[in-house]
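# Per-entry structural report
Letter by letter, the chains look like this.
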Amino acid sequence: MTAISLDSRLHTILEDRKGKGTFRSLKKHVTRENSDESDPSAKIDFSSNDYLSITRSKQLKRRFLQRVQETPTPLFGSTGSRLLDGTTPQHATLEDRLCTFFSYGSIPSRCPSVIPPPYESALLFNSGFDANVSFFSTVPQKTDYIIYDELVHASVWDGMRANERRGVPISRRKAFRHGNVADLRRILEDIVKAENAVNRRASTSTSAPHRPGMIFIAIESLYSMDGDLAPLPQMIQALNELQSLHPTSINPARVCVVVDEAHTTGIYGSQGRGFVYDMVERERARGSRENKVEEWVQVRLMTFGKGMGSQGAVLLASSTIRSFLINYARPFIFSTAMSVVNVLAIESAFDVIESNEGEQGRSIAPSSTIEFSGNTERERIKSTGDPTAGCQAPYFSLTITDITL
Ligand SMILES: Cc1ncc(COP(=O)(O)O)c(C=O)c1O
């Protein structure tokens, strides 16, 4: 009997996918500059993540070329993993800049007694995907929980799955309904109840008392599929309430909120520092003595492939988490570090988003959403009288129900 060839087997699977209407293929992207001006479809960008049109910025090009001129050779490839030859002075300088830029310490506090926590450190990754896989596959340990919004990015899923073999068992991974604070709260309360029951049993027997692990909560600040912001203020409020009810079970030493800011980097917060930074800034402006957001949110992921018009990502976390990832994260250890050229492109993109041009882009993005999101959004704004209603994101989702592929 002749074996069926590999191509033929794969072909059958792909044909099946075509039948289901989920077949993927690559389309060549036409940029505005290169396109035929008479082709209206090429004039409006409805699909990229270039929210500030930064990839077309003349300032970006100028700054990048200047940085290239000023950088001594070797300039292009990083020549190795970060752990070998790949940590160039340019990588280290960029990490220092990002650490300072995103640090909450840079927000002036109206309340002098509030000292920013000393946990900020920055670790560059070749992509946001690598960063999420690295974090979720290594940091959560066997006795920990991971609670995640059901719509978190595929990279978080891949990280959690990779973790399963040596870390958090599937029974300790719990999804809450998308953006649903009550559901998140229910899961946390169930964990507390179960632990209290174990502790009660332990107190009447000779077995050792339960040693609680960490609880990681994985969310995105802005979800790309629906264009909705995470209800982070309400989540923080729920955590505060739970802490006052169960202070030994729910507290910032035990609960670590991980926020993926892929779609808010460069777009939200002062000079594009992101959604969480914006919340902390508002909290400090109110003179709040309890800077709860920065206590609960201990890890942030900022990516550079979307609003920053470049590529790569940075994970902001404690220096211990940074060191742990350098030691255990396989995508970080076993991959060539990002090229020096890419590092310079990221530096240049930060030059732009910190400038007036970045400010202008950020102010235009929401109105463009209203412009193009059609009657639904316009009606919503008319009925609520709130110009920001329904346009939190520089993009929007349209649900098409009646479609034949
Ligand atoms: C929420 C979210 N996280 C992470 C990523 C991955 O980031 P990167 O494109 O840098 O790999 C994406 C990209 O689509 C994303 O949308």
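Note: the structure precedes this text.
Below, the structure is looked at part by part. Starting afresh in each chain, residues are numbered from 1 along the sequence in its written order. Local features are withheld for residues below a pLDDT of 70 in this predicted model, meaning they are given only at 70 or higher, and side-chain atom pairs are given and counted only at 80 or more; totals for whole chains, interfaces and linings count all residues.

### Points about the packing of helix α4 (residues 128-138) against helix α10 (residues 319-328)
We count it as follows: Inter-axis angles, ranging from 0 to 180 degrees, are taken between N-to-C directions of lines fitted to C-alpha atoms, where helices are fitted over the stretch in contact. Helix numbering and strand numbering both begin at the N terminus, where a helix is a DSSP run of H or I of at least 4 residues and a strand a DSSP run of E of at least 2. Put simply, angles under 35 degrees are roughly parallel, angles over 145 are roughly antiparallel, angles from 65 to 115 are roughly perpendicular, and the rest are oblique. Here contacts are defined at the residue level, using C-beta atoms placed from the backbone and a cut-off of 7 Å between them. Three residue categories are used. Nonpolar comprises Ala, Val, Leu, Ile, Met, Phe, Trp, Tyr, Cys and Pro, charged comprises Asp, Glu, Lys and Arg, and polar comprises the others, including Gly.
The interhelical angle for the contact between α4 and α10, taken along N-to-C directions, is 95°, at an axis separation of 10 Å. Between α4 and α10, the interaxial angle falls into the category roughly perpendicular. Residue-level inspection shows Ser-134, Phe-135 and Thr-138 of α4 in contact with α10, the latter providing Phe-324, Leu-325 and Tyr-328. When its residues are assigned to classes, the contact of α4 with α10 shows 4 nonpolar, 2 polar and no charged.

### Observations concerning the sheet that holds strand β8 (residues 297-303)
The line we're drawing: Should DSSP find at least two bridges between two strands, the strands are taken to pair.
In spatial order, the strands read β1-β9-β8-β7-β4-β2-β3; together these 7 strands make up an open sheet with mixed pairing. At either end of the open sheet lies a strand with only one pairing partner, and these are β1 (121-125) and β3 (173-176). Taking the axes of each pair of neighbouring strands and ignoring which way they run, one obtains an average angle of 20° across the sheet. Here α4 sits on the sheet and contacts β1, β7 (255-260), β8 and β9 (313-317); the angle it forms with β8, its principal contact strand, is near 155°.

### Description of the pairing of β3
Cut-off, in case you're wondering: Orient the strands so they point away from the viewer, and a crossover whose first-strand-to-second-strand path over the helix runs clockwise is right-handed.
By the bridge criterion, 4 bridges tie strand β2 (residues 145-149) to β3 in an arrangement that is parallel. Counterpart to Tyr-148 in the pairing with β3 is Ala-175. In terms of handedness, the path from β2 via helix α5 (residues 154-164) over to β3 forms a crossover that is right-handed.

### Section: α4
For clarity, the threshold we go by: To assign burial, the other C-beta atoms lying within 10 Å of each residue's own C-beta are counted, with C-beta atoms placed from the backbone; 20 or more indicates buried, 12 or fewer indicates exposed, and intermediate counts indicate partly exposed.
Along α4, 11 of the 11 residues are buried, which leaves the element largely enclosed by surrounding structure. Where α4 is concerned, the buried positions are Gly-128, Phe-129, Asp-130, Ala-131, Asn-132, Val-133, Ser-134, Phe-135, Phe-136, Ser-137 and Thr-138.

These results come straight from atomic positions and should not be treated as a statement about function.
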